[in-house]
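Residue-level listing of the chains:
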Amino acid sequence: MRNLLVTGGAGFIGANFVHYWMENYPDDRLVVLDALTYAGNLANLAAVQANPHFTFVQGNICDQALVESLLLQHEITTLVHFAAESHVDRSITGPDEFIETNILGTYALLKATKKIWIDTPVSQGQPALEHRFHHVSTDEVYGTLSATDPAFTEATAYAPNSPYSASKAASDHLVRAYHHTYGLAVTTSNCSNNYGPYHFPEKLIPLVIINILHNKPLPIYGDGMQIRDWLYVQDHAYGIDLVLNKGKVGETYNIGGNNEWANINIVQEICHLLEKAFAEDKTLAHKFPQALAAIHQKTETLITYVKDRPGHDRRYAIDATKTNNELGYIPRESFATGIAKTVQWYLANEAWWQAVMDGSYQDWLTQQYV
Ligand SMILES: NC(=O)c1ccc[n+]([C@@H]2O[C@H](COP(=O)([O-])OP(=O)(O)OC[C@H]3O[C@@H](n4cnc5c(N)ncnc54)[C@H](O)[C@@H]3O)[C@@H](O)[C@H]2O)c1
């Protein structure tokens, strides 16, 4: 039985990780620390809220005293750190929160864990507690690739291009330094783009699904040929599980789906899947009468090209050979099964995404974040 502190567990990936972990390790106790920013949503955790092994604490990772008290009170020895400002476009218009949460917040967690797990017991003549600090990072720290460059490995030099990726890169370096300097038992995973249930509706895949259902334009940045390597979110949780259970302390592991898609092709694929869903389930036309698929018209006509984001990275691709070979990691979902499940989840969970968008839908329609 382990006691885990999961930061950012009310966000997209953190919540999926909580569900994954509680299903696979029902004896473990799990505490989520989340500030509930615009991206955090308690509804993402509704299914586990009544579980006596689950505790939710609303609070900021920058609050070192709070983190220390949670580590002590819940006898935490494993911390899985998801909490971050995570949306690249928001980092361009307002980088301050990214520096605050991603860099200073990670620093506060490192200070708190070092104090409780290493310094305090050692000062009392005890050995340091056995512990693990797992840091969840992104492939964006490696910068951008041309169409023919080899994919990012763990040895690729960092070259972040946005305030978001620069702040994540800074946090990765701090985590590494706390291992090398103070002996904190850390691991880091750098993952490619995730998709799946509970994905915040301003991101590309949910935005496209929801706009199609409302017969609204599908905004595509630039020429739409930006390439991302997409991974089903539960496969990210599975990869972190393997790193926690089999990974070597001090190491970093790339997690990816070996699944590169240009944005425009993803959008076309979703158009196709929704048309198929409407053809197979006649009740959808009543539920979403505005959708072109409800009147048998081509959904792709909604695609609209918009001005590209400044400094938009062209291609990300993850080489996960090390994680595959050393940890036996192989994603469980193919893109075909993962994206089909995702489309079905959004069709079945309208109440979830309507509540997230909460009446501000008009603002959302013109935005697109990848
Ligand atoms: N989304 C992706 O495709 C992707 C890919 C690779 C890595 N990552 C990384 O995975 C992690 C989770 O990403 P996500 O997409 O789930 O993000 P998200 O934006 O959906 O969720 C972030 C969560 O962190 C919380 N949070 C933000 N600031 C906080 C603070 N100061 N204190 C406490 N909680 C705070 C938010 O309330 C939210 O619940 C991030 O570290 C991100 O860099 C994301």
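Use the structure listed above.
This is a predicted model, so every value here is computed, not measured.

### Observations concerning the overall build of the chain
Here is step 1 of the chain: A count of helices and strands for the chain gives 13 helices and 12 strands.
Here is step 2 of the chain: The globule rule puts the C-alpha radius of gyration for 370 residues at 21 Å, and the 21 Å found for the chain is close to it.
Here is step 3 of the chain: Judged by the C-alpha coordinates and their principal axes, the chain covers about 75 × 50 × 40 Å.

### A word on helix α11 (residues 335–348)
Here is step 1 of the chain: Compared with the 20 Å implied by 1.5 Å per residue over 14 residues, the 20 Å span of α11 between its first and last C-alpha is a close match.
Here is step 2 of the chain: Every buried residue of α11 is accounted for by Gly338, Ile339, Thr342, Val343 and Tyr346. Seen end-on, α11 carries its buried residues on one side only, within an arc spanning 130 degrees. Away from the buried face of α11 by more than 90 degrees, exposed residues Ala336, Thr337 and Ala348 are located.

### Brief notes about the packing of helix α4 (residues 96–123) against helix α5 (residues 163–182)
Here is step 1 of the chain: Between α4 and α5, the shortest axis-to-axis distance is 8 Å and the interhelical angle comes to 15 degrees. Comparing the axis directions of α4 and α5 gives the class roughly parallel. Read as a crossing pair, α4 and α5 show a hand that is right-handed. Each of Phe98, Ile99, Asn102, Ile103, Thr106, Tyr107, Leu110, Lys114 and Ile118 in α4 lies in contact with α5, whose residues at this interface are Pro163, Tyr164, Ser167, Lys168, Ala170, Ser171, Leu174, Val175, Tyr178 and Tyr182.
Here is step 2 of the chain: Here the residues of the contact of α4 with α5 are counted per class, giving 13 nonpolar, four polar and two charged.

### Section: the environment of Thr304
Here is step 1 of the chain: The topology assignment puts Thr304 in strand β12 (residues 303–306).
Here is step 2 of the chain: Note on Thr304: 13 C-beta atoms within 10 Å, which makes it partly exposed.
Here is step 3 of the chain: Leave out the neighbours within four places in its chain, and Thr304 touches Pro217, Leu218, Pro219 and Ile220.

### So, the sheet that holds strand β7 (residues 193–195)
Here is step 1 of the chain: Ordered by their spatial adjacency, three strands build an open sheet running β7-β9-β11, and the pairing between neighbours is mixed. A strand with exactly one partner marks an edge of an open sheet, and here the two such strands are β7 and β11 (260–262). Strand-to-strand twist across the sheet, computed as the mean angle between neighbouring axes with direction ignored, equals 50 degrees.
Here is step 2 of the chain: Sheet topology places strand β9 (residues 227–232) next to β11; three bridges connect them, and they run antiparallel.

### Quick notes on the site of the ligand
Here is step 1 of the chain: Every one of the 30 residues lining the ligand counts as a neighbour, but Gly8, Gly11, Ala39, Gly40 and Ala84 are closest to it.
Here is step 2 of the chain: Taken together, the elements giving at least two residues each to the shell around the ligand come down to α1 (12–24), α4, β5 (132–138) and β7.
Here is step 3 of the chain: Looking at the shell around the ligand, the element that brings in the most residues is α1, giving three residues.
Here is step 4 of the chain: Here the residues of the shell around the ligand are counted per class, giving 14 nonpolar, 13 polar and three charged.

### Looking at the packing of helix α8 (residues 263–280) against α11
For any two helices packed against each other, the geometry comes down to the angle between their axes and how far apart the axes lie.
Here is step 1 of the chain: Across the interface, α8 lies against α11 with an axial gap of 11 Å and an inter-helix angle of 60 degrees. With respect to α11, the axis of α8 lies oblique. The interaxial crossing formed by α8 with α11 has right-handed handedness. Packed against α8, whose contacting residues are Glu269, Ile270, Leu273, Leu274 and Ala277, the element α11 presents Ile339, Ala340, Val343 and Leu347 at the interface.

### Focus on the sheet that holds strand β6 (residues 186–191)
Here is step 1 of the chain: Taken in spatial order, the seven strands make up an open sheet running β3-β2-β1-β4-β5-β6-β10, and their pairing is parallel. One side of each edge strand has no neighbouring strand; the edge strands of this open sheet are β3 (54–58) and β10 (252–255). Looking at each pair of strands side by side, their axes are set apart by 20 degrees on average, direction ignored.
Here is step 2 of the chain: Where β5 and β6 come together, six bridges link them in parallel fashion. Note on β6: the bridge partner recorded for Ser137 is Asn190.

### Some details on helix α7 (residues 233–246)
Residue pairs spaced three or four apart in an α-helix point in one direction, given the helix's 3.6 residues per turn.
Here is step 1 of the chain: Taking 1.5 Å per residue, 14 residues should reach 20 Å; α7 reaches 20 Å between its end C-alpha atoms and fits that length.
Here is step 2 of the chain: Those residues of α7 that sit buried are Val233, Gln234, Asp235, His236, Ala237, Tyr238, Gly239, Ile240 and Val243.

### With respect to the pairing of strand β2 (residues 29–34)
Here is step 1 of the chain: The element β2 is largely enclosed, with a buried count of five among its six residues.
Here is step 2 of the chain: Sheet topology note: the strand β1 (residues 3–7)/β2 ladder contains five bridges and is parallel. By the bridge assignment for β2, Leu5 is matched with Val31.
Here is step 3 of the chain: The parallel pair β1 and β2 is bridged by α1, and the resulting crossover is right-handed.
Here is step 4 of the chain: The pairing of β2 with β3 spans five bridges and is parallel. When the sheet's bridge partners are listed, Leu30 is paired in β3 with Phe54.

### Comments concerning the environment of Cys191
Here is step 1 of the chain: Structurally, Cys191 can be placed in strand β6.
Here is step 2 of the chain: Look at Cys191 and you get buried, because 26 C-beta atoms sit within 10 Å.
Here is step 3 of the chain: Each C-alpha atom, one on Cys191 and one on Ser171, is 15 Å from the other, the two residues being 20 residues apart in sequence.

Parameters and conventions
- Residues numbered from 1 in each chain as written.
- Predicted model: local features only at pLDDT ≥ 70, side-chain atom pairs only at ≥ 80, totals over all residues.
- Helix = DSSP H or I, 4+ residues; strand = E, 2+ residues; numbered from the N terminus.
- Rg over C-alpha atoms; globule rule 2.2 N^0.38 Å.
- Expected span 1.5 Å × (residues − 1).
- Buried ≥ 20, exposed ≤ 12 C-beta atoms within 10 Å, placed from the backbone.
- Arc of directions from axis to C-beta.
- Axes fitted to C-alpha atoms, helices over the stretch in contact; angles between N-to-C directions.
- Parallel < 35°, antiparallel > 145°, perpendicular 65-115°, else oblique.
- Left-handed = near helix turned anticlockwise from the far one by under 90°.
- Contact = placed C-beta atoms within 7 Å.
- Nonpolar A, V, L, I, M, F, W, Y, C, P; charged D, E, K, R; others polar.
- Pairing = 2+ DSSP bridges.
- Near = placed C-beta within 6 Å.
- Right-handed = clockwise from strand over helix to strand, strands pointing away.

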